[in-house]
Amino acid sequence: MISIHTRQLLSGLVLPVMVFLAVGVMLAGQIWSGRAIQLRMAAAREMGPVYQGLLFPQKQFYKWQLTLQGVGDLLAANARLRKENRQLAYWYGEAQTLRQENARLKAVLHWGAEDTRDYVSGWVVRDESGPYLRAVLLQVGDHQVQQGSLAVDAVGLVGRVSEVGAHVVRVLLIEDAASRIPVTLQNSGGDAMMIGDNTPYPRLMYYSQSLRPEEGEHIVTRGQTGLTGGVAVGHVHYLSPGQPVVVPDAALERLELVRIFDGDFMLEAPPSAGRVREKPPLLPDHHDGEAPSNWQNLRRFLPFSSLRNG
Amino acid sequence: MALRLEQGRLDHEALEGVRQRKLMVRVRRKLSPCVVMVILAFVLSAPFGILGQTELQTALTLGTVWFWALYRPAFMPLLGLFCSGLVIELFSANPPGVLLFWMLVAYGVAHGCRVGLSRRGFLLSWTLYGLIVLGEALTDWVLMVIRVRGALSVYPIVFQEALAVGSYPFLHVLYLWGLSVMEKHDRL
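Calculation criteria
Residues numbered from 1 in each chain as written. Chains lettered and ligands numbered in written order. Predicted model: local features only at pLDDT ≥ 70, side-chain atom pairs only at ≥ 80, totals over all residues. Heavy atoms only, no water. UniProt positions renumbered as here; feature names shortened; annotations may be inferred. Helix = DSSP H or I, 4+ residues; strand = E, 2+ residues; numbered from the N terminus. Expected span 1.5 Å × (residues − 1). Buried < 20%, exposed > 50% of the residue type's maximum accessible area, 1.4 Å probe, protein only. Contact = heavy atoms within 4.5 Å. Buried area = accessible area lost by both parts, 1.4 Å probe. Salt bridge = Lys/Arg side-chain N within 4 Å of Asp/Glu carboxyl O. Polar contact = N/O pair within 3.5 Å; in protein donor to acceptor, adjacent residues only side chain to side chain. Nonpolar A, V, L, I, M, F, W, Y, C, P; charged D, E, K, R; others polar. Pairing = 2+ DSSP bridges. Axes fitted to C-alpha atoms, helices over the stretch in contact; angles between N-to-C directions. Parallel < 35°, antiparallel > 145°, perpendicular 65-115°, else oblique. Left-handed = near helix turned anticlockwise from the far one by under 90°. Core = buried A, V, L, I, M, F, W, Y, C linked by side-chain atoms within 4.5 Å. Disulfide = S-S within 2.5 Å. Patch = residues over 30% accessible without salt bridge, like charges linked within 9 Å, V, L, I, M, F, W, Y side chains within 5 Å. Areas by Shrake-Rupley, 256 points an atom, 1.4 Å probe, with all protein chains shown as cover. Phe/Tyr/Trp six-rings, centres within 6.5 Å; stacked < 30°, edge-to-face > 60°.

**A look at the UniProt feature "transmembrane region" (unreviewed entry) in chain A**
Now for step 1: According to UniProt, the feature "transmembrane region" (unreviewed entry) maps to residues 12-32 of chain A in the numbering used here.
Now for step 2: Between the C-alpha atoms that bound residues 12-32 of chain A the distance is 31 Å, and the span itself is 95% helix and 0% strand.

This is the structure we're talking about:
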């Protein structure tokens, strides 16, 4: 039997012995560090499945976090795509407008290249514009031009030939009060009538109420018998609500070189309500070689007189 | 538990039950802190990738030894402490033996000064605990300097000291609560 004193002495020695052992472990770990590392690696390898179980909640949490992050990214991507979609819609509208404009310009360019269309270009030799008349005289040489032929400048429609002389023709401008030209609204495809009123902006009338002209909408001539369609005229502008006018593309205030398209497409010139006839005809009214009488000259100034030359 | 008497004699079956229960209580008291300490060290050795995980492992181990050796030395036998220290060394990333050595130092200091510290209050015991952690961190640092044969940053020492000192009050409260629960359960 161990006595109480011996037992107390031994119990007091346990801690120093253990500290001594711990120091020994420490020294052994420093001397044989490789073995200590192998021992720890073996313990970690044996505990691998337990570690996997411990890490399972963390991995699940990371998965949920990634999922939520993905949802957040989707929301951000959705917002970005909506914004891009709006921009694309804007550019689509721009592209449509440019395509129409391109087609219009191409149509104008193609016009002059058509073999079936005969045209002549002439210099404006006189501007006959006044308070009640908007017209110019063109020097066309020996080229035969018919009444009603379209006259264009580099950009758009100028007017129609109202009278034909030997070397000079009169072009009634689209802003003249006697001008009546059927046009087509390019966006909606509706038809209307462009009516001059001696102002720089001809009025737009007789359009369908279901296809009202839009602000800025391009206008071309309406293709029909006696009139070539697709010629650029101008664009719609509202001077006041319900009163659309046409802002002409052509520079009507400073016409220099005008091209007249001639051909067999014109059947009859539109009536000009006597406006053109206020000035003397370019050709003398000959009837079978007879000289015009004074009475016949007086008819020019009478109301409801014939528009035809002679 | 009240003993049942049958015809003036002790119920040996009930007496055996009481003995087994007392044994269970003793075993649980002797093992619980060490088992908790080993579990904490093992869990913190898993690769969670948490910042300061290794330092926290050391802090919780030393804090556990310090608390139980200071307030309930009977719950932490020296042999259990040594064995659990050896097990913890397997899952530790510190140089081998250092943590075990400072666990024994903490036990010794707490065991030897527990009467005086119980009079001085919590702050002094907290300060002493901080010094023990500082000693452990310095030992680690010195051994690593010897191993790499070059100067190392002292930032890990500061970080481990701050983490251990900062976490000890929470550990103290947690163990106090566990102690009260255990004693209440044992009384029943």
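Moving on, there is more to tell.
**A short note on helix H5 (residues 122-148) of chain B**
Now for step 1: Look at H5 of chain B: 39 Å from first C-alpha to last across 27 residues, which is about the 39 Å you get at 1.5 Å a residue.
Now for step 2: Buried within H5 of chain B we find Ser125, Tyr129, Gly130, Ile132, Val133, Gly135, Glu136, Ala137, Thr139, Asp140 and Leu143 of chain B.
Now for step 3: Taken together, the buried residues of H5 of chain B touch helix H1 (4-31) of chain A together with helix H2 (53-71), helix H4 (98-120) and helix H6 (155-187) of chain B.
Now for step 4: Positive backbone phi, at 55°, marks arginine 149 of chain B, one or two positions downstream of H5 of chain B.

**Thoughts on the interface of chain A and chain B**
Interface size, as often reported, equals the accessible area lost upon joining of the parts.
Now for step 1: The interface of chain A with chain B comprises 22 residues on the first partner and 27 residues on the second.
Now for step 2: Counting the surface lost from both chain A and chain B, the interface buries some 2,200 Å², and carbon and sulfur atoms represent 76% of this.
Now for step 3: One salt bridge in this structure joins arginine 40 of chain A and glutamate 89 of chain B, with 3.0 Å as the shortest N-O distance.
Now for step 4: Applying the counting criterion to the chain A and chain B interface returns five residue pairs in polar contact (both at pLDDT 80 or more).
Now for step 5: Among the secondary structure elements, those contributing two or more residues to the side of chain A that touches chain B are H1, helix H2 (33-46) and helix H3 (48-113) of chain A.
Now for step 6: Broken down by element, the residue count for the side of chain A that touches chain B peaks at eleven residues, all from H1 of chain A.
Now for step 7: Across the side of chain A that touches chain B, the residue classes break down as 17 nonpolar, four polar and one charged.

**Section: the pairing of strand S2 (residues 135-139) of chain A**
Residue and element names in this part refer to chain A.
Now for step 1: Burial of S2 is extensive: four of the five residues sit out of reach of the surface.
Now for step 2: In terms of strand pairing, strand S1 (residues 118-127) meets S2 through four bridges, oriented antiparallel. Counted as the bridge partner of tryptophan 123 is glutamine 139 from S2.

**Looking at the environment of methionine 205 of chain A**
Residue and element names in this part refer to chain A.
Now for step 1: Here methionine 205 shows up in strand S8 (residues 203-205).
Now for step 2: Residue classification places methionine 205 among the partly exposed residues on the basis of a relative accessible area of 24%.
Now for step 3: In the structure, methionine 205 is positioned 40 residues away from valine 245 in sequence and 8.6 Å away in space, judged by C-alpha atoms.
Now for step 4: Setting aside residues up to four positions removed in sequence, methionine 205 forms contacts with Ala192, Met193 and Ile195.

**Details of the packing of H4 of chain B against H5 of chain B**
Residues and elements named next belong to chain B.
Now for step 1: Two elements in contact, H4 and H5, have axes whose closest approach is 10 Å; the angle formed by their N-to-C orientations is 165°. If you check the angle between H4 and H5, you find them roughly antiparallel. Both H4 and H5 take part in a crossing whose hand is right-handed. Residues Val98, Leu99, Trp102, Ala106, Val109, Leu117 and Arg120 of H4 lie in contact with H5, whose contacting residues are Phe122, Leu124, Ser125, Leu128, Ile132, Gly135, Glu136, Thr139, Asp140 and Leu143.
Now for step 2: Of the residues contributing to the contact of H4 with H5, the split by class is eleven nonpolar, three polar and three charged.

**Quick notes on the nonpolar core**
Now for step 1: Membership of the largest hydrophobic core comes to 44 residues, with the highest contact counts inside it found for Val65, Trp66, Trp68, Met76, Leu81, Met103 and Tyr129 of chain B.
Now for step 2: Elements supplying a minimum of two residues to this core: H1 of chain A together with helix H1 (12-45), H2, helix H3 (78-90), H4, H5 and H6 of chain B.
Now for step 3: If you tally residues by element for this core, the top one is H4 of chain B, at eleven residues.
Now for step 4: With sequence-adjacent residues up to four places away left out, tryptophan 66 of chain B is seen in contact with Ala106, Val109, Ala110, Leu117, Ser125, Leu128, Tyr129, Ile132 and Tyr168 of chain B.
Now for step 5: Counting residues in each nonpolar core, the second largest holds 35 residues, with Val152, Leu157, Val158 and Val233 of chain A among its members.

**Thoughts on the side chain of threonine 139 of chain B**
Now for step 1: Within the secondary structure layout, threonine 139 of chain B lies in helix H5.
Now for step 2: Apart from residues no more than four positions distant in its own chain, threonine 139 of chain B is found in contact with Met26 of chain A together with Val98 and Trp102 of chain B.

**Let's talk about the pattern of salt bridges**
Residues and elements named next belong to chain A.
Now for step 1: In total, this model carries nine salt bridges over all chains according to the counting rule given.
Now for step 2: Between arginine 170 and glutamate 163 there is a salt bridge, with the nearest N and O atoms lying 2.6 Å from each other.
Now for step 3: A relative accessible area of 1% means that arginine 170 is categorised as buried.
Now for step 4: Note that arginine 222 and aspartate 191 form a salt bridge whose closest N and O atoms lie 2.8 Å from each other. Taken together, the residues arginine 222 in the loop between strand S9 (218-221) and strand S10 (232-240) and aspartate 191 in strand S7 (residues 191-195) connect sequence positions 31 residues apart.

**Some points on the state of the cysteines**
Should the sulfur atoms of two cysteines be covalently bonded, the bond is a disulfide.
Now for step 1: Applying the stated criterion to the full structure yields zero disulfides over all chains.
Now for step 2: Free of any disulfide, cysteine 83 of chain B has its nearest neighbouring cysteine sulfur in cysteine 34 of chain B, separated by 8.6 Å.

**Section: a nonpolar patch on the surface**
Residue and element names in this part refer to chain A.
Now for step 1: A cluster of nonpolar side chains, namely Ile2, Leu9, Leu10, Leu13, Val17, Phe20 and Leu21, defines an oily patch on the protein surface of about 700 Å² accessible area.
Now for step 2: Take leucine 13: it is sitting in helix H1.
Now for step 3: Judged by its relative accessible area of 42%, leucine 13 falls in the partly exposed class.

**Focus: the packing of aromatic side chains**
Residues and elements named next belong to chain B.
Now for step 1: All told, the structure shown has 14 aromatic pairs over all chains when counted by the stated rule.
Now for step 2: Geometrically, the ring pair formed by phenylalanine 67 and tyrosine 71 is tilted, given 5.0 Å between the ring centres and 40° between the ring planes. Pair noted here: phenylalanine 67 and tyrosine 71 are both in helix H2, with a separation of four residues, about one helical turn.
Now for step 3: A residue is classified by how much of its surface remains accessible, and tyrosine 71, at 26% relative accessible area, is partly exposed.

**Considering unusual backbone geometry**
Note on backbone geometry: most residues besides glycine have negative phi, and most peptide bonds are trans.
Now for step 1: Unusually for a residue other than glycine, asparagine 198 of chain A sits at a positive phi of about 65°.
Now for step 2: The buried category is assigned to asparagine 198 of chain A, whose relative accessible area is 14%.

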